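Chain by chain, the residues:
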Amino acid sequence: MLPKLTKNNKKYQLNESFIGKQADDLGQLISEQIRPLYDSLGIVVPVKSCSIIHALNEVKQASVTEIARSLKQSHQLVKQKLPRLQKLGLITASSDPSDKRKTDYQLTSMGQDQALLLKQHSLAAVYEQLSQEVGADLFKVLTAAIDGLKNKDLMTRFKQQLPNHRNSETTHE
């Protein structure tokens, strides 16, 4: 049987090694809190697909690869979100006349209306206020962390710490 988890049970307290969980929790909390707000504003765009709507609104038409590149997301992730956006009537797909293997996506008139609603009701000021509350520009901090991990992944960072980690273990024995 596992010990009961309490505030005083240091063995099971979250710490800096759970930063991935904290990042997931933040994303989930934001998604949960945005949905009722969007519902009240008539925004039907799935929260985690708003960036696709914004991107298509900027360029008018793009392939999965172009959308993924502009959002710095995986091709697979973007491709998974597109059918739901189509089903909601927000985007359409059409074959590229010059390359039948390529599909281009564009906003429908409803998608354009939704993009306008998203733009009119931007949460930038809300996130700025939250950033001031916590004493850090959240967007910049998160972007810097993402860029840092792209430049040097966790495995590399972990391996670089191994000699120090082993030395500290031997000195404490």
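The structure reproduced in this document is the subject of the present report. (Residues numbered from 1 in each chain as written. Predicted model: local features only at pLDDT ≥ 70, side-chain atom pairs only at ≥ 80, totals over all residues. Heavy atoms only, no water.)

### Considering the overall build of the protein chain
Counted only if it meets this: By the criteria applied, helices consist of DSSP H or I runs no shorter than four residues and strands consist of E runs no shorter than two, each listed in order from the N terminus. Only protein chains enter the accessibility calculation, which uses a 1.4 Å probe. A residue is then buried if its area is under 20% of the maximum for its type, exposed if over 50%, and partly exposed in between. Contact criterion: two residues are considered in contact whenever any of their non-hydrogen atoms come within 4.5 Å of each other.
Per the secondary structure count, the protein chain includes eight helices and three strands. Reading the helices (α) and strands (β) of the protein chain from amino to carboxyl end gives α-α-β-α-α-β-β-α-α-α-α. The proportion of buried residues among the 173 residues of the protein chain is 23%. Excluding contacts between residues fewer than 6 apart, the proportion of contacts in the protein chain whose partners are at least 24 apart in sequence is 45%.

### Things to note about the packing of helix α2 (residues 50-59) against helix α5 (residues 109-120)
This is how it is decided: Angles shown run from 0 to 180 degrees and are taken between the N-to-C directions of axes, each axis being a line fitted to C-alpha atoms and, for helices, limited to the stretch in contact. If an angle is under 35 degrees, it is roughly parallel; if it is over 145, roughly antiparallel; if it lies from 65 to 115, roughly perpendicular; otherwise it is oblique.
Where α2 meets α5, the closest approach of the two axes is 10 Å, and the angle between their N-to-C directions is 110°. When the interaxial angle is binned, α2 and α5 end up roughly perpendicular. Across the interface between the two elements, C50, I53, H54, N57 and E58 of α2 pack against G111, A115, L118 and K119 of α5.

### Digging into a nonpolar patch on the surface
We count it as follows: The residues that make up patches have over 30% relative accessible area and no salt bridge, and they are joined within 9 Å when like-charged or within 5 Å when they are Val, Leu, Ile, Met, Phe, Trp or Tyr. For the area figures, the Shrake-Rupley method with a 1.4 Å probe applies, and any residue is considered shielded solely by the protein chains shown. Any carboxyl oxygen of Asp or Glu within 4 Å of a side-chain nitrogen of Lys or Arg constitutes a salt bridge here.
Among the surface-exposed residues, V126, Y127, L130 and V134 lie close enough to one another that they form a single nonpolar patch of about 320 Å² accessible area. Mapped onto the elements of the fold, Y127 is located in helix α6 (residues 124-134).

### Focus: the packing of helix α3 (residues 64-71) against helix α4 (residues 75-87)
Inclusion rule: The hand of a helix crossing depends on one turn: near helix anticlockwise from the far one by less than a right angle means left-handed, and clockwise means right-handed. Note on residue classes: Ala, Val, Leu, Ile, Met, Phe, Trp, Tyr, Cys and Pro are nonpolar, Asp, Glu, Lys and Arg are charged, and everything else, Gly too, is polar.
Interhelical geometry of α3 versus α4 gives an angle of 115° and a closest axis separation of 9 Å. In this structure, the crossing between α3 and α4 has a hand that is right-handed. For the pair formed by α3 and α4, the contact residues are V64, T65, I67 and A68 on the first element and H75, V78, K79 and L82 on the second. Of the residues belonging to the contact of α3 with α4, the class tally is five nonpolar, two polar and one charged.

### Here's the deal with the sheet that holds strand β3 (residues 99-107)
What counts here: Any two strands with at least two DSSP-identified bridges between them are counted as paired.
Pairing within the open sheet is antiparallel, and its three strands lie in the order β1-β3-β2. Strand pairing shows two members of the sheet lacking a second neighbour, β1 (62-63) and β2 (91-96), which therefore form its edges.

### Remarks on helix α1 (residues 19-41)
The condition is simple: By this rule, a helix spans an expected 1.5 Å times one less than how many residues it contains. Across the chain, bend at a residue is computed as the angle between axes fitted to the seven residues ending at that point and the seven starting from it.
With 23 residues, α1 should reach 33 Å at 1.5 Å per residue; the first-to-last C-alpha distance of 33 Å fits that figure. The sharpest bend along α1 comes to roughly 25°, located at I34, with the proline P36 sitting one to four residues further on. Three or more residues of α1 are buried, namely S31, I34 and Y38. Close packing links the buried residues of α1 with α2, α5 and α6. Positive backbone phi, at 80°, marks G42, one or two positions downstream of α1.

### Concerning the nonpolar core
Rules: For the purposes of this section, nonpolar cores are sets of buried Ala, Val, Leu, Ile, Met, Phe, Trp, Tyr and Cys residues that join through side-chain atoms within 4.5 Å.
Ranked by internal contacts, the top residues of the largest apolar core, which has 24 residues, are I53, L56, L82 and I91. When residues in this core are grouped by element, the largest group, four residues, is from α2.

### Quick look at the side chain of Q114
Mapping Q114 onto the fold places it in helix α5. A residue is classified by how much of its surface remains accessible, and Q114, at 6% relative accessible area, is buried.

### A few points about α4
Within the sequence span of α4, burial applies to V78, K81, L82 and L85. The inward-facing, buried residues of α4 abut α2, α3, β2 and β3. Note on α4: the residue one or two positions beyond its end, G89, has a positive phi of about 80°.

### Regarding the side chain of S63
Inspection of the secondary structure puts S63 in strand β1. Here S63 falls in the buried class, since its relative accessible area comes to 7%. Non-local contacts of S63, meaning those with residues more than four positions away in its chain, are made with K102, T103 and D104.

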